[in-house]
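Secondary and tertiary structure notes
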Amino acid sequence: MKHINPSKSLLFLAVILAIIPYFMSNDFYYEIAIVALFNAMIVVGLNLLMGYAGQISLAHGAFAGLGGYISAVLVSNYGLPPLVAIAVALVFMAIFAYIISKPILKLSGHYLAMATLGIGIIINIILDSEEELTGGADGMSVESLVLFGWEPSQSWHWYLLASLLLLLTLWLMENLIDSPLGRILRSIHDSEKASGSVGVDVSHYKSIVFVISVTIATVAGSLYAFFSGFISPQEASFNHSIELVVMVVLGGMGRLYGAVIGAAILTALPQLLTSFEEYQTLIYGAIIIVIMIFMPKGVVSLFDGIGKRSRDAQS
Amino acid sequence: MLKAENLTKRFGGVTAVDDFSFRVKKGTIHAIIGPNGAGKTTLVNMLTGVYRCDEGTVWLDGADVTNTATDQLVYRGVCRTFQHLEVCGNMTALENILLGFDRYMSKNLIQVCFRSKRIREDEARYTQRAMHLLSLIGIEQHAHTLAKNLSYGILKKLEIIRALATSPSLILLDEPVAGLNPKETAEVADLIRTVTKDEVTVILIEHDMRMVMELSDHITVMNFGKRLAEGTPQEIKANPEVIRAYLGSGSFE
């Protein structure tokens, strides 16, 4: 069912990411692109959970936000080097994800959605109310990132960093999906009974995919905090979580590169629509409805035909 | 091989399986038959840890495996299929079989993410073996077809060979020919006979009497959750109680 050779897709994306800067006339565009790249990373991880393993999470915005906050607090309040702070955030979030995955992934469907929704809102409330640590609703400023003595200061530095990280994430996920582990995740999506009957410990693998997914969100959330130099509970809001889920569905559930397309569209769309002011939400909603009606398999399915045709031409 | 003692399962006021005991000899095909609602599927679900037994013990080669989860039983050489198809529809036929082999493959996260040599070797080796299994049911040409696009008859067989991929020593088949036409039924019977060849013990739950009588070495008859009779196909055919409760006259024409 692979319509496009995976590594070709990766190369294609790399080329596109390399070309984009030539069309960037100012920092504002860079900023949108970088936000889209970080969102894409989170969405790739969320898609692994939703599209491949078939488990929904309405808390990924909150996970990314919490990860970002941990990194930010460790750097700004405790003076840890950024890389160490991110590593601590990663370990903490991985353990946190593992612990909460055990009870909540016993649920499925709407119940799982409700449970993750609750967790997301709780995280948001905690970030909002722990004013001494997090600065409360006003957010907090984050010191700049220093990686082995290099400080990404220009917009294109960040663009490069985010692009490389996204490509790396995609490459790792391509490998994972195309492996026994990936097969197990997809089988859980299709039939937990079938997976169990051939010896798959379903609950164990659900936890693993949840941890991977939250870990990716933590990396993206942390780096985003350093990039913007500021973090507020807004990053961990329910709206952000929903936005991420919509990106997965819009791009294409269970399609790795759909995540990138979904993130790009949904990050850029509100910016493009600012000139319509009061009609913004209306147009935004209409576009999403139209896409979902005419491309129920996600925007990425547009590319299926192209891949097929070029392959037919070769043979 | 397998010994079940005094198994009991109650659903509210209904006792689906009532103080049921039986033993399965190694290398035999042991059929469990009975009217609808006799508790056959409940029994399989109890043996494979899907339902908790209210009472009773399941022994496997002398070890107590009562209430052991289905996925854990696979590592003890017990595998099952389902009355209602449980095939992964959005995966290809080949992937469904490879799923059965996954217990032998490395799933180490680092190796998986970097697609190590071990992963590639495993994949190549087990793909070959999976293709061999597919050739047993004659659908190599459909290896890369999504399972949801294959016919019901093929999927029933696919489920059996997926179970075989886990190399079980005991396999529980819950109505493997339900809904199949006579030709497909004969194919499944052949499949069961060839692949098990005295090496794999089979517990067969089935309604198709012709197949049960042809295939099985030993038959246990269930009725209302209790054991009604036990014996060889000849003995069962001649048992007046069985005929009254279940078979009726003229079942074997």
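Residues numbered from 1 in each chain as written. Chains lettered and ligands numbered in written order. Predicted model: local features only at pLDDT ≥ 70, side-chain atom pairs only at ≥ 80, totals over all residues.

Comments concerning the overall build of chain B
Helices and strands together make up the secondary structure of chain B, namely 10 helices and 10 strands. Computed over its C-alpha atoms, the radius of gyration of chain B comes to 19 Å, within 12% of the 18 Å expected for a compact globule of 253 residues. With respect to the principal axes defined by its C-alpha atoms, chain B has extents near 65 × 40 × 35 Å. Expressed as a percentage of its 253 residues, the buried residues of chain B come to 43%. Pairs at least 24 apart in sequence give 67% of the contacts found in chain B among residues at least 6 apart. (Helix = DSSP H or I, 4+ residues; strand = E, 2+ residues; numbered from the N terminus. Rg over C-alpha atoms; globule rule 2.2 N^0.38 Å. Buried ≥ 20, exposed ≤ 12 C-beta atoms within 10 Å, placed from the backbone. Contact = placed C-beta atoms within 7 Å.)

Focus: helix H7 (residues 155-177) of chain A
With 23 residues, H7(A) should reach 33 Å at 1.5 Å per residue; the first-to-last C-alpha distance of 33 Å fits that figure. Among the residues making up H7(A), those that are buried are Trp158(A), Tyr159(A), Ala162(A), Ser163(A), Leu166(A), Thr169(A), Leu170(A), Met173(A), Asn175(A), Leu176(A) and Ile177(A). (Expected span 1.5 Å × (residues − 1).)

Observations regarding helix H1 (residues 40-47) of chain B
The buried count for H1(B) comes to eight of eight residues, which makes it a mostly enclosed element. Positive phi appears at Gly49(B), one or two residues downstream of H1(B), with a value of about 75°.

Comments concerning the environment of Glu235(B)
Structurally, Glu235(B) can be placed in helix H9 (residues 233-238). Remark: the alpha-carbon pair of Glu235(B) and Ile219(B), spanning 16 residues in sequence, is separated by 9.0 Å.

Side note on the pairing of strand E10 (residues 226-231) of chain B
Side chains on a regular strand alternate between the two faces of the sheet. Residues and elements named next belong to chain B. Taken together, the five bridges between strand E9 (residues 218-223) and E10 define a ladder with antiparallel strand orientation. Note that in E10 the partner of Val221 across the bridge is Ala229. Counting the residues in the hairpin turn of E9 and E10 gives two residues, including Phe224, whose phi is positive at 50°. (Pairing = 2+ DSSP bridges.)

Section: the sheet that holds strand E3 (residues 29-33) of chain B
Residue and element names in this part refer to chain B. Taken in spatial order, the six strands line up as E6-E7-E8-E3-E9-E10 in an open sheet, and their pairing is mixed. Of all the strands in the sheet, the pair left with one neighbour each is strand E6 (78-80) and E10. Taken over all neighbouring pairs, the strand axes of this sheet differ in orientation by 15° on average, direction set aside. As paired strands, E3 and E9 are joined by four bridges and run parallel to one another. In the strand pairing of E9, Ala31 is matched with Ile219. (Axes fitted to C-alpha atoms, helices over the stretch in contact; angles between N-to-C directions.)

As for the sheet that holds strand E1 (residues 2-11) of chain B
Residue and element names in this part refer to chain B. The four strands lie next to each other as E2-E1-E4-E5, forming an open sheet whose pairing is antiparallel. Edge positions in the sheet fall to strand E2 (14-24) and strand E5 (63-64), since each of these pairs with one other strand and no more. Bridge count for strand E4 (residues 55-60) against E5 is two bridges, and the pairing is antiparallel. Of the residues in E5, the one forming a bridge with Trp59 is Asp64.

Re the packing of helix H11 (residues 238-251) of chain A against helix H12 (residues 256-272) of chain A
Residues and elements named next belong to chain A. One can describe the packing of H11 onto H12 by two numbers: an axis separation of 7 Å at closest approach and a directional angle of 125°. One way to sum up the angle between H11 and H12 is to call them oblique. When you trace H11 past H12, the crossing you get is right-handed. Across the interface between the two elements, Glu243, Val246, Met247, Val248, Leu250 and Gly251 from H11 touch Gly258, Ala259, Val260, Ile261, Gly262, Ala263, Ile265 and Leu266 from H12. (Parallel < 35°, antiparallel > 145°, perpendicular 65-115°, else oblique. Left-handed = near helix turned anticlockwise from the far one by under 90°.)

Some points on the confidence of the model for chain B
Looking at chain B, the pLDDT average stands at 88 and 96% of residues meet or exceed 70. This complex was scored by the predictor with a pTM of 0.89 and an ipTM of 0.87. (pLDDT = per-residue confidence, 0-100.)

Thoughts on unusual backbone geometry
Backbone geometry follows two general trends: most residues other than glycine have a negative phi, and most peptide bonds adopt the trans configuration. All names here are of chain B. The phi angle at Asp19 is positive, at roughly 50°, despite the residue not being glycine. Tracing the chain through its elements places Asp19 in strand E2. Phi at Phe224 takes a positive value of approximately 50°, unusual for a residue other than glycine. Taking the C-beta count within 10 Å as the criterion, Phe224 has 16 such neighbours and is therefore assigned partly exposed.

Some details on the pairing of strand E7 (residues 170-174) of chain B
Residue and element names in this part refer to chain B. The buried fraction of E7 is high, at five of five residues. Burial along E7 is two-sided: Leu170, Leu172 and Asp174 and Ile171 and Leu173, pointing in opposite directions, are all buried. With five bridges connecting them, E7 and strand E8 (residues 201-205) associate as parallel partners. If you follow Asp174 over to E8, its bridge partner there is Ile205.

Structural notes on the environment of Tyr152(B)
Residue and element names in this part refer to chain B. Among the secondary structure elements, Tyr152 is positioned in helix H6 (residues 152-165). Owing to 13 C-beta atoms within 10 Å, Tyr152 belongs among the partly exposed residues under this scheme. On a C-alpha basis, the gap between Tyr152 and Gly179 in space is 8.5 Å, while along the polypeptide they are 27 residues apart.

Some remarks on the interface of chain A and chain B
Many authors give the size of an interface as the accessible area that is lost as the parts come together. If you look at the interface, chain A gives 21 residues, while chain B gives 30 residues. Residue assignment for the side of chain A that touches chain B shows that the elements contributing at least two residues are H7, helix H8 (180-190) and helix H9 (192-197) of chain A. The leading source of residues in the side of chain A that touches chain B is H8(A), at seven residues. Grouping the amino acids of the side of chain A that touches chain B by side-chain chemistry returns nine nonpolar, seven polar and five charged. (Nonpolar A, V, L, I, M, F, W, Y, C, P; charged D, E, K, R; others polar.)

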